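This is what each chain is made of:
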Amino acid sequence: MDETVAEYIRRTVLKIPRNEIKMMLQKWGFLSEAQLQTLNFHQIKDSISQEVVQLCEENSADIKQAAVLDIIYNHIYQNKRMWSVYQMKKSGEELEYFDITDFKKKFKGRLRSALKNVTITFKEYEDNAIWIRVAWGTPYKKPNQYKPSYVVYHSQTPYVFISSSVLKSNLPLLCQALIVASNYHDIREMELRSHSLNSLKDIVFKRYSQNFQTYSPKPLQGETIEPESADIRIVQENRSEKERIHRLNQEVFGGGPQPKLEFAQYQLETMFKSDPNMGVLDKKEPFRCLVKFSSPHLLESLKSLAPAGMADAPLSPLLTCIPHKARNYFKIREKKSLFPESFVSP
Amino acid sequence: ENVDPQKTAFLLRKAWTLYSVTPLYRFRRSRLRDYARLLSAFIAAEKQKGLAVEVGVELDIRVAVSSLADLRGSEQDQAAVLVQLSLRSRASSRNSEDKLVWSGWFCSVYGDDLSENVPEDFTCLPLFLAHGAETYTSMVGSWFQKTFDCCFRRLAISPLNLSWMVAMWAGCKLDRAASAVELVFSVPRLSQPLDISYAIHPEDAKALWDTVQKTPGEITQEEVDVFMDCLYAHFHRHFKIHLSAAKLVKVSTAVASAHCDGIVKILHSQYLPGVLMLLTELAVSQIQ
């Protein structure tokens, strides 16, 4: 077995928390159950990984198998990576039958014709997700296995989720290979990024509960807003206002859990408008700002602003549009909010 | 009042933790060398007691105490006093350089409010800035407190003072391309905490401040309020959020940045006296 492969396997196993190593090796399926039985999972991780490497040596593991283990690790720990969303476009409306073998062949072919030194690995998951791992090299150097790119493609959709390696120069080639393989003609990067891959999927696949078109004037059955004070003398205090805010929030955010995003960024290029009496700035040029909202769970946080008295209800559409516009990066210009689209045309 | 930029270069681009210090009793500028020796012995004793910072290799802490004659505001101010702790490994050769591990300096820039009302034997240096490990700060602070019967207290910076700083610094004229004027707010008491960073292009922030400030060289609370209200209004227009109800925790400009926990970074030597004057004022009001 190649010592670079051995080292790569060793390091991959070291990343795994000790109590999950057995489970991941079983998922990998490269070592037999009998071999797994010989492993002592109660020793320090250094020793465990050494033993795993030895067993892989027995089975003559190569980089292809090692790469599969890496995909398994990254699939389980997908939230450690930052994911960007790309949307592909078809020229016609025809829904073609998706052939996974054809896809893989075309993808590999496109990449390999441009770059000889590249490691390409596929793994399919139950939810129609195809995970692709690409390790990049140069004409003169073997692929760097420690900085691969990961792509998640749901074949029934035009969406691709990419966690790029640091080597961003390979991105155009990756995009090209994707559209060639999937029979689309164009691909663009959406202004949507997050660590939570599932939340990104929720947003673009519209799997979260959205605002209802019709609303009921009263709170939904069984959802009374508990007054904060237990004092029964305080009955009407702000109750109607609280109910109004609650209702508006429901309309805008829906009743269910929000997709998990960590930040939203707004580049503002709007005019500064003020009360003429204040005698302040009245320029003809935009007042340039960059606003960034961050939170462990941004949308839940924004949802709670109006009830907390921190914001007006309804909240600004700039914030509430995040899920259904499927973006968390915005450039806002005066008058109409223009959302210029950036096309990553390879 | 022109401070030699070379001498003050060490101040720039470091995060300083701020303290207010009550006047020092019987502090003698002629005895700086003695103080360095005494402090050194104190630190060595603390380490032997088991409050060691480094374990393993035997390390000597070298203490240097010096006077910074130029670092003051008026003639009434005491010149700043700098304390530096360096590590010299006994194992290393004689020519190896000491590694500076901690610096702290006392200063007063226009601290007349305090020094005017203080008896003869007291030295007023109300502002203390420390950079380095907390354990060293603690040891140096303890020694000074014991030796000069003074009291150190962390200097927090209120949102009110932070807004003064950002208004003042946003208006500063800078010859080089400046970084953004950034205000960082925190909204902690929600179900999920929210941080908001509001960064304004430095030219636009300065243009706004210039229309607000009525008398050059003079700043009033009212002008700061108008400036902040403008920023809040612009924000509210877009997001419908009342930023004034959030907690201002940090401000950052090309001149300096300040955090509400009392941490300051000064980036431009040109405005050093102005920044120190403001901080001295904060320290003095905390003492009084």
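Residues numbered from 1 in each chain as written. Chains lettered and ligands numbered in written order. Predicted model: local features only at pLDDT ≥ 70, side-chain atom pairs only at ≥ 80, totals over all residues. Heavy atoms only, no water.

Let's talk about the overall build of chain A
What counts is decided by this rule: Under the DSSP-based scheme used, a helix requires at least four consecutive residues in state H or I and a strand at least two consecutive residues in state E, with every element numbered from the N terminus. Accessible area is worked out with a 1.4 Å probe on protein chains only. A residue is then buried under 20% of its type maximum, exposed over 50%, and partly exposed in between. Whether two residues are in contact is decided by their heavy atoms: any pair within 4.5 Å suffices. Areas reported as accessible are Shrake-Rupley estimates using a 1.4 Å probe. Residue values count occlusion only from the protein chains shown.
Each helix and strand in chain A was counted, giving 12 helices and 9 strands. The 346 residues of chain A split such that 45% are buried. Intrachain contacts of chain A at a sequence separation of at least 6 include 69% that bridge at least 24 residues. With the model as given, the accessible surface of chain A reaches about 18,200 Å², and the carbon-plus-sulfur share is 51%.

Side note on the overall build of chain B
How we decide: Only C-alpha atoms enter the radius of gyration, while the globule expectation follows 2.2 Å times N to the 0.38, with N the number of residues. Only four residue types enter the charge count: Lys and Arg as positive, Asp and Glu as negative, with His and the chain ends excluded. Lysine's charge is taken at NZ, arginine's at CZ, aspartate's at CG and glutamate's at CD.
From N to C terminus, chain B includes 8 helices and 13 strands. The C-alpha atoms of chain B give a radius of gyration of 21 Å, which matches the 19 Å a tight globule of 288 residues would have. Counting only C-alpha atoms and orienting by the principal axes, one finds that chain B spans roughly 60 × 45 × 35 Å. Per-residue burial over chain B gives 48% buried out of 288 residues. Long-range contacts, defined as pairs at least 24 residues apart, comprise 69% of the intrachain contacts of chain B with a sequence gap of at least 6. In the structure as shown, chain B presents an accessible area of about 13,900 Å², 49% of it carried by carbon and sulfur atoms. Averaging the coordinates of the 30 positive side-chain charges in chain B and doing the same for the 32 negative ones gives two points 8 Å apart.

Section: the domain arrangement of chain A
Operational definition: Residue ranges for the domains trace back to a domain assignment, done automatically or taken from a database.
Assigned domains within chain A: domain 1 (3-79), domain 2 (83-92 + 99-205) and domain 3 (244-333). Here the C-alpha centroids of domain 1 of chain A and domain 3 of chain A sit 46 Å apart.

Regarding the interface of chain A and chain B
Selection rule: Values labelled buried area give the accessible surface lost by two parts on being combined, using a 1.4 Å probe and summing over both. The salt bridge criterion pairs a side-chain nitrogen of Lys or Arg with a carboxyl oxygen of Asp or Glu, the two atoms within 4 Å. Residues are sorted three ways: Asp, Glu, Lys and Arg are charged, Ala, Val, Leu, Ile, Met, Phe, Trp, Tyr, Cys and Pro are nonpolar, and all the rest, Gly among them, are polar. A pair of strands is labelled paired if DSSP reports no fewer than 2 bridges between them.
Listed per partner, the contact involves 40 residues of chain A and 34 residues of chain B. Together, the buried faces of chain A and chain B total about 3,100 Å²; carbon and sulfur atoms form 63% of this surface. Contact with chain B buries area across many residues of chain A, yet Phe287, Arg288 and Met310 of chain A alone supply 21% of it, more than any other trio. At the junction of chain A with chain B, the criterion picks out 2 salt bridges. When the shortest N-O distance is used, the salt bridge between Glu203 of chain B and Arg288 of chain A registers 3.3 Å. Secondary-structure elements contributing two or more residues to the side of chain A that touches chain B are strand S7 (263-270), strand S8 (287-294), helix H10 (298-303) and helix H11 (317-320) of chain A. Tallied by class, the residues present in the side of chain A that touches chain B amount to 24 nonpolar, 9 polar and 7 charged. Across 6 bridges, S8 of chain A lies against strand S10 (residues 194-200) of chain B in antiparallel orientation. Looking across to S10 of chain B, one finds that Phe293 of chain A is bridged to Ile196 of chain B.

Here we look at the domain arrangement of chain B
Domain annotation of chain B identifies domain 1 (9-154) and domain 2 (159-260). Centre-to-centre separation of domain 1 of chain B and domain 2 of chain B, based on C-alpha positions: 33 Å.

What to know about the nonpolar core
It is characteristic of soluble globular proteins that their nonpolar side chains tend to be buried jointly. Our working definition: Take the buried residues of types Ala, Val, Leu, Ile, Met, Phe, Trp, Tyr and Cys, join any two whose side-chain atoms come within 4.5 Å, and each joined set is a nonpolar core.
Within the largest apolar cluster, 131 residues are counted, with the highest numbers of intra-cluster contacts made by Tyr266, Phe293 and Leu302 of chain A together with Trp105, Met165 and Phe239 of chain B. Among the elements that make up this core, the one with the highest residue count is helix H7 (residues 221-239) of chain B (8 residues). Dropping the residues within four chain positions of it, Leu302 of chain A is found in contact with Phe253, Phe293, Leu315, Leu319 and Ile322 of chain A together with Leu194 of chain B. Ranked by size, the runner-up nonpolar core spans 31 residues in total, among them Val21, Phe27, Phe144 and Phe152 of chain B.

Concerning helix H8 (residues 197-204) of chain A
Because the α-helix completes a turn every 3.6 residues, residues three or four places apart line up on one side. Residue and element names in this part refer to chain A. Summarising burial for H8: 6 of the 8 residues are buried, a large majority. Here H8 has its buried residues at Leu197, Ser199, Leu200, Lys201, Ile203 and Val204. Where H8 is buried, its residues touch strand S1 (83-89), strand S3 (129-136), strand S4 (149-154), strand S5 (159-163), strand S6 (186-194) and helix H12 (322-325). Looking at the residues trailing H8, positive phi occurs at Lys206, about 55°.

Topic: helix H4 (residues 45-58) of chain A
All names here are of chain A. Counted only if it meets this: Each helix should span, by expectation, one fewer than its residue count multiplied by 1.5 Å. Within this analysis, the arc is defined by the directions that extend from the helix axis to the C-beta atoms.
In a regular helix each residue adds 1.5 Å, so 14 residues correspond to 20 Å; H4 covers 20 Å between its end C-alpha atoms and thus fits that length. What H4 keeps buried is the set Ile48, Ser49, Val52, Val53, Leu55 and Cys56. Considered in projection along H4, the buried side chains sweep an arc of 160° and stay on one side of the axis. Across from the buried face of H4, at angles greater than 90 degrees, the exposed residues are Gln54 and Glu58.

Brief notes about the pattern of salt bridges
Residue and element names in this part refer to chain A. In this structure the tally under the stated criterion is 19 salt bridges over all chains. Across the salt bridge formed by Asp102 and Lys106, the nearest N and O atoms sit 3.2 Å from each other. Taken together, the residues Asp102 and Lys106, both in helix H6 (residues 100-114) and 4 residues apart, mark about one turn of the helix. We classify Asp102 as partly exposed; its relative accessible area is 28%. Owing to a relative accessible area of 30%, Lys106 belongs among the partly exposed residues under this scheme. With a shortest N-O distance of 3.7 Å, Glu191 and Arg193 are connected by a salt bridge.

Thoughts on the sheet that holds S3 of chain A
Residues and elements named next belong to chain A. Spelled out, the test is: Here, axes are lines fitted to C-alpha atoms. For helices the fit covers the stretch in contact, and angles between N-to-C directions go from 0 to 180 degrees.
Sheet architecture is open: 6 strands sit in the order S2-S3-S4-S5-S1-S6, paired in antiparallel fashion. Whereas interior strands pair on both sides, the edge strands pair on one side only; in this sheet they are strand S2 (118-124) and S6. Strand-to-strand twist across the sheet, computed as the mean angle between neighbouring axes with direction ignored, equals 25°. Sheet analysis places S1 next to S5, joined by 4 bridges and oriented antiparallel.

Observations concerning the environment of Val118 of chain B
Residue and element names in this part refer to chain B. Within the element layout of this structure, Val118 appears in the loop between helix H3 (112-115) and strand S6 (122-123). When its relative accessible area of 23% is taken as the criterion, Val118 is described as partly exposed. Sequence separation of Val118 and Lys14 is 104 residues, and the distance between their C-alpha atoms is 32 Å. In contact with Val118, other than residues within four places in its own chain, are Pro23 and Cys124.

Description of the packing of helix H6 (residues 202-212) of chain B against H7 of chain B
Residue and element names in this part refer to chain B. Condition: Between 65 and 115 degrees an angle is taken as roughly perpendicular, under 35 as roughly parallel, over 145 as roughly antiparallel, and anywhere else as oblique. The hand of a helix crossing depends on one turn: near helix anticlockwise from the far one by less than a right angle means left-handed, and clockwise means right-handed.
The geometry of H6 relative to H7 is characterised by a closest axis approach of 9 Å and an angle of 135° between their N-to-C directions. If you check the angle between H6 and H7, you find them oblique. Judged by the twist between their axes, the crossing of H6 over H7 is right-handed. In this structure, H6 uses Ala205, Leu208, Trp209 and Val212 to contact H7, whose residues at the interface are Glu223, Val224, Val226, Phe227, Cys230 and Leu231.

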